There are 2 protein chains.
Amino acid sequence: MFSPVSPVRAYERVVEQIEAAVFGGQLPPGSHLPSERDLMTQFGVSRSTVREALRVLQSNGMIQSRAGDPRGPLVLAASPVALHKSMTRLARTSSMSLGELLQFRMLLEGSAYLLAAQLHTASQLAEISAALDTMTTATDYTAFSDADVAFHDAVARATQNTMIIVCSTVVRGVVLDLIEDHLAHATDRQALMTRYLKHHTEVLEALRARNGSLASQLARRALYDSYASYLPEADRAMLTPLLEN
Amino acid sequence: MFSPVSPVRAYERVVEQIEAAVFGGQLPPGSHLPSERDLMTQFGVSRSTVREALRVLQSNGMIQSRAGDPRGPLVLAASPVALHKSMTRLARTSSMSLGELLQFRMLLEGSAYLLAAQLHTASQLAEISAALDTMTTATDYTAFSDADVAFHDAVARATQNTMIIVCSTVVRGVVLDLIEDHLAHATDRQALMTRYLKHHTEVLEALRARNGSLASQLARRALYDSYASYLPEADRAMLTPLLEN
DNA sequence: CAGTATTTGTCCGTATGTATC
DNA sequence: GGATACATACGGACAAATACT
C-alpha cells in the first residue's frame, strides 16, 4: 500500500528543476542561468544549497560558471565527456579482468572497422591514412604510440557512432594502463612497431576497398596477436570465438 | 609551447584526491570517508568546499552521505546508474540519435549472442530457456516485457563479460525510454508478442546448437525488424551493414 | 582605457534534525 | 532513553575575478 521513501535533499530538487528546464528547451545551450543570488530567492533556499546544485550540474557537464560573470552560469551543449567519465570509472573500479576488457575491445573494434569500411568519407579516410604516415615516420616510441592512438580514434570517428567512439577510447585507455608495465620493459620494441605497421597497412587497404568483413577480421586478429601474450593461457579461449569469419 | 590553463577550483582538487584514493584501492567500497570536519582539516579548506566536493562525488555515484552517521560518507561500489544518466541525457538532448543507439545495440547483442553460443553453461542455458517459457505463458504485457528483459539479461550474463552485461542493460533501457511513447500506443501488441516469441525461440535453438554466427545474425535481424520502423527512413541505412553474414 | 558594480569562490558561525553508541 | 557526533541548511562576510559603462 505504501512505498518506501527516501529523504530528498533541497539541492536535489534544485537540480531537478534546472535539469527539467534545460531538457524542456527553456534554457537552450548558450543561454545563461540567473545568478546565484537570484536563484536563492527563486528557489527559496540559501546560497550554499544553490551552489551545491550548481556544482552537481557542472560535474555533469550541463553548465559552466565563471567567477565574476554577471550573466550567470552558462548552459553548455550536451557532450559525451560525462559519458566518458562514468564509463571510465566503471571500467576502472569494477575490477574487470584483462581478458574481459580485451574481449570487449575486440568486438568493439571489429564492429568499428566493419562500419567504418562501409560508411567512411574521403576526408575521414585521409585522416586515417595521415595517422599511418605519422606512425611510419615516427622516430621515438612515444610519437609512434600517439600516432597509433590517432589512427584508432580516426577509425572510431569514421563510424559516426558516439557510443563506439567513447567506448573505444575508454577501453583502450584502461587496457593500456593495465599492461603499461609489460610494455615499459619490452625489449623487442622495434619488432612490435614493425608488426603494428604491417597490421595497420593491411587494415587500411581493406578500409579503402570498403571490404568491411575483411577489415573487421584483420582488426580482431591484430588485437589478439598483440595482446594475447599478456593473458594467462586459460583466458585466451574467451577471445578465440571472436576470431572466426 | 604553452598550453591554455583553466583555474582549478579548490573543491575540484578535493574531488581529485578522493577519486584517486577510491581508484587506488585505499578506499574500497563499503569503507567510509572521514567526516566533513575531518576532511576540512585534512584538506585545509572550509566546510562549504568539502561539501561541494562531496556533492559532486555523490552525483557521480561514488559515495553516499547520510545525516547523523558518525562513520562518515559511505564509499559505494561502482554502479551503472551514472552511465545510464549520462547516456539518457545525451539521447534526450538529441545529440545522440536513436539510430546510433540501435546501431550500438545491434553490434553489442550480436557479439553477446556469438559469445554466449560458444561459452554458455548448462545452467545458463536453462535460465535463458526459463525466461522464454515465462514469456510464452505471460498473460499481460508487463509480465511479458519483464520476461523479455530477463531473457536478454540471461544471454548477456552467459558471456561472462562485465562490460557487455552493463552496456547491454543500459543501452536497452535508454532505447526503451526513448520509444516507450510509441509502444504505449501500439495497437498490434498481440502481433508484436508473437513475433518476439518466434524470434526468441529461433535464437534459443541456435544457442543450444552452439551455432554462434547464426545466433548473432538472428539477434541482429530481430532487433532491426523490431525497431527500424521507429527510425527515419534515411537512418536505416546505418543499420543494414550490421545485418550481413 | 580605467573605474565601478556585480558575481563567484571561499570562509566562518549557528541552528536543527538525525543516526549511532 | 540520553549523550554525542554528524549532516543539513541557513546567514553573513571578504577577496578575487569579470563585465559593463
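Residues numbered from 1 in each chain as written. Chains lettered and ligands numbered in written order. Predicted model: local features only at pLDDT ≥ 70, side-chain atom pairs only at ≥ 80, totals over all residues. Heavy atoms only, no water.

Enquirer: Teacher, can you tell me more about the overall build of chain A here?
Expert: Each helix and strand counted, chain A has 10 helices and two strands in total. Over its C-alpha trace chain A gives a radius of gyration of 23 Å, far above what one expects of a compact globule, namely 18 Å for 245 residues. Oriented by its inertia axes, the alpha-carbon framework of chain A measures out at about 65 × 45 × 40 Å. Taking contacts inside chain A between residues at least 6 apart in sequence as the whole, the part at least 24 apart equals 70%. If you sum the accessible surface of chain A, you get close to 11,600 Å²; carbon and sulfur atoms cover 54% of it. Averaging the locations of the 22 positively and 25 negatively charged side chains of chain A gives two centres separated by 6 Å. (Helix = DSSP H or I, 4+ residues; strand = E, 2+ residues; numbered from the N terminus. Rg over C-alpha atoms; globule rule 2.2 N^0.38 Å. Contact = heavy atoms within 4.5 Å. Areas by Shrake-Rupley, 256 points an atom, 1.4 Å probe, with all protein chains shown as cover. Lys, Arg positive; Asp, Glu negative; His and termini not counted. Charge placed at Lys NZ, Arg CZ, Asp CG, Glu CD.)

Enquirer: How should the state of the cysteines be read in this particular structure?
Expert: Each disulfide consists of one covalent bond between the sulfur atoms belonging to two cysteines. Inspection of the entire model under this criterion finds zero disulfides over all chains. Unpaired in this structure, Cys167 of chain A has its nearest cysteine sulfur neighbour in Cys167 of chain B, at a distance of 4.7 Å. Residue Cys167 of chain A is classed as buried on the basis of its relative accessible area of 0%. (Disulfide = S-S within 2.5 Å. Buried < 20%, exposed > 50% of the residue type's maximum accessible area, 1.4 Å probe, protein only.)

Enquirer: What's the story with the relation of the copies chain A and chain B in this structure? I'm lost.
Expert: Relating one copy of the chain to the other requires a rotation about an axis plus a shift along that axis. The transform that puts chain A on chain B rotates by 177 degrees and translates by 0.3 Å along the axis, for an RMSD of 1.9 Å. The superposition operator between the copies reduces to a two-fold rotation axis. A shared interface surface links the copies, since 96% of the contact residues of chain A are contact residues in chain B too. (Least-squares fit on C-alpha atoms with pLDDT ≥ 70 in both.)

Enquirer: Just to check I follow, could you spell out the packing of aromatic side chains for this structure?
Expert: Summed over all chains, the structure comprises six aromatic pairs over all chains. Look at Tyr227 of chain A and Tyr230 of chain A: their rings are 6.3 Å apart centre to centre, the planes differ by 50 degrees, and that puts the pair in the tilted class. Tyr227 of chain A sits in the buried class, given a relative accessible area of 8%. Look at Tyr141 of chain B and Phe144 of chain B: their rings are 6.4 Å apart centre to centre, the planes differ by 25 degrees, and that puts the pair in the stacked class. (Phe/Tyr/Trp six-rings, centres within 6.5 Å; stacked < 30°, edge-to-face > 60°.)

Enquirer: In this structure, what is going on with the side chain of Asp148 of chain B? I would like to understand it.
Expert: Residues and elements named next belong to chain B. Structurally, Asp148 is set in helix H7 (residues 141-158). Nearest to the buried, unbridged Asp148 among oppositely charged side chains is Arg105, at 6.0 Å. One polar contact links Asp148 to His200, side chain to side chain, over a distance of 2.8 Å. (Salt bridge = Lys/Arg side-chain N within 4 Å of Asp/Glu carboxyl O. Polar contact = N/O pair within 3.5 Å; in protein donor to acceptor, adjacent residues only side chain to side chain.)

Enquirer: Please explain the pattern of salt bridges as it appears in this structure.
Expert: Where charged atoms from two side chains of opposite charge come close, those side chains can pair. For the structure shown, the criterion picks out 28 salt bridges over all chains. The residue Asp177 of chain A makes a salt bridge to Arg92 of chain A at a minimum N-O spacing of 2.8 Å. Taken together, the residues Asp177 of chain A in helix H8 (residues 162-184) and Arg92 of chain A in helix H4 (residues 81-93) connect sequence positions 85 residues apart. The class for Asp177 of chain A is partly exposed, based on a relative accessible area of 37%. When its relative accessible area of 41% is taken as the criterion, Arg92 of chain A is described as partly exposed. In this structure, the salt-bridge partner of Arg47 of chain B is Glu36 of chain B, at a minimum N-O distance of 2.7 Å. Here Arg47 of chain B, found in helix H3 (residues 47-59), pairs with Glu36 of chain B, found in helix H2 (residues 36-43); they are 11 residues apart in sequence, far enough to count as distant. Several salt bridges converge on common partners, so that one network encompasses Glu36, Arg47, Arg51 and Arg55 of chain A together with Glu52 of chain B.

Enquirer: Please clarify how the protein's contact with DNA strand C should be interpreted in this entry.
Expert: In the vicinity of DNA strand C, 25 residues are found, and the nearest of them are Arg37 of chain A together with Ala10, Ser46, Thr49 and Arg66 of chain B. Counting only atoms of DNA strand C within 4 Å of the protein, the fraction found in sugar and phosphate groups is 67%. With respect to DNA strand C, the side chain of Arg51 of chain A contributes an N or O atom lying 3.0 Å from a phosphate oxygen. One of the backbone nitrogen or oxygen atoms of Ala10 of chain B is found 2.7 Å away from a phosphate oxygen of DNA strand C. Of all the elements, helix H3 (residues 47-59) of chain A adds the most residues to the surface near DNA strand C, at three residues. (Near = heavy atom within 4 Å.)

Enquirer: Explain the packing of helix H9 (residues 189-208) of chain B against helix H10 (residues 212-227) of chain B to me, please; I cannot follow it from the model alone.
Expert: Residue and element names in this part refer to chain B. Close contact between H9 and H10 brings their axes to 8 Å; oriented N to C, the two are set at 165 degrees. Relative to H10, H9 is oriented roughly antiparallel. As for how H9 packs across H10, the hand of that crossing is left-handed. Of the residues in H10, those in contact with Arg195, Tyr196, His199, Glu202, Val203, Ala206 and Leu207 of H9 are Leu214, Ala215, Leu218, Ala219, Ala222, Asp225, Ser226 and Tyr227. When the residues that make up the contact of H9 with H10 are grouped by side-chain class, the tally is 10 nonpolar, two polar and three charged. (Axes fitted to C-alpha atoms, helices over the stretch in contact; angles between N-to-C directions. Parallel < 35°, antiparallel > 145°, perpendicular 65-115°, else oblique. Left-handed = near helix turned anticlockwise from the far one by under 90°. Nonpolar A, V, L, I, M, F, W, Y, C, P; charged D, E, K, R; others polar.)

Enquirer: How should the protein's contact with DNA strand D be read in this particular structure?
Expert: Around DNA strand D, a shell composed of 27 residues is seen, among which Ala10, Ser46, Thr49 and Arg66 of chain A together with Arg47 of chain B lie nearest. Sugar plus phosphate, as a fraction of atoms of DNA strand D within 4 Å of the protein: 72%. Between Arg47 of chain A and DNA strand D, the recorded distance is 3.4 Å, taken from a side-chain N or O atom to a base nitrogen. Taking Arg51 of chain B, its side chain carries an N or O atom lying 3.1 Å from a phosphate oxygen of DNA strand D. Sorting the residues of the surface near DNA strand D by element identifies H3 of chain A together with H2 and H3 of chain B as the ones contributing at least two each. In terms of residue class, the surface near DNA strand D is made up of seven nonpolar, eight polar and 12 charged.

Enquirer: Even after reading the chapter, I still don't get the domain arrangement of chain A, so can you show me in this structure?
Expert: Interface size is often expressed as the accessible area that is lost when the parts come together. By domain assignment, chain A separates into domain 1 (10-75) and domain 2 (82-243). Of note, the centres of domain 1 of chain A and domain 2 of chain A, computed from C-alpha atoms alone, are 40 Å apart. (Domains from an automatic or database assignment.)

Enquirer: Looking at this model, I keep getting lost on the interface of chain A and chain B. Mind explaining?
Expert: Between chain A and chain B, the contact holds 51 residues from the first and 53 residues from the second. Considering only the surface of chain A that becomes buried against chain B, Phe23, Arg89 and Leu90 of chain A emerge as the three largest contributors, covering 14% of it. The interface formed by chain A and chain B holds five salt bridges in total. Salt-bridge contacts for Arg55 of chain B lead to Glu52 of chain A; the nearest nitrogen and oxygen are separated by 3.4 Å. Counting across the chain A and chain B interface gives 15 residue pairs in polar contact (both at pLDDT 80 or more). Contributions of two or more residues to the side of chain A that touches chain B are made by helix H1 (10-24), H3, H4, helix H5 (98-119) and H8 of chain A. Grouping the constituent residues of the side of chain A that touches chain B by class yields 26 nonpolar, 16 polar and nine charged. (Buried area = accessible area lost by both parts, 1.4 Å probe.)

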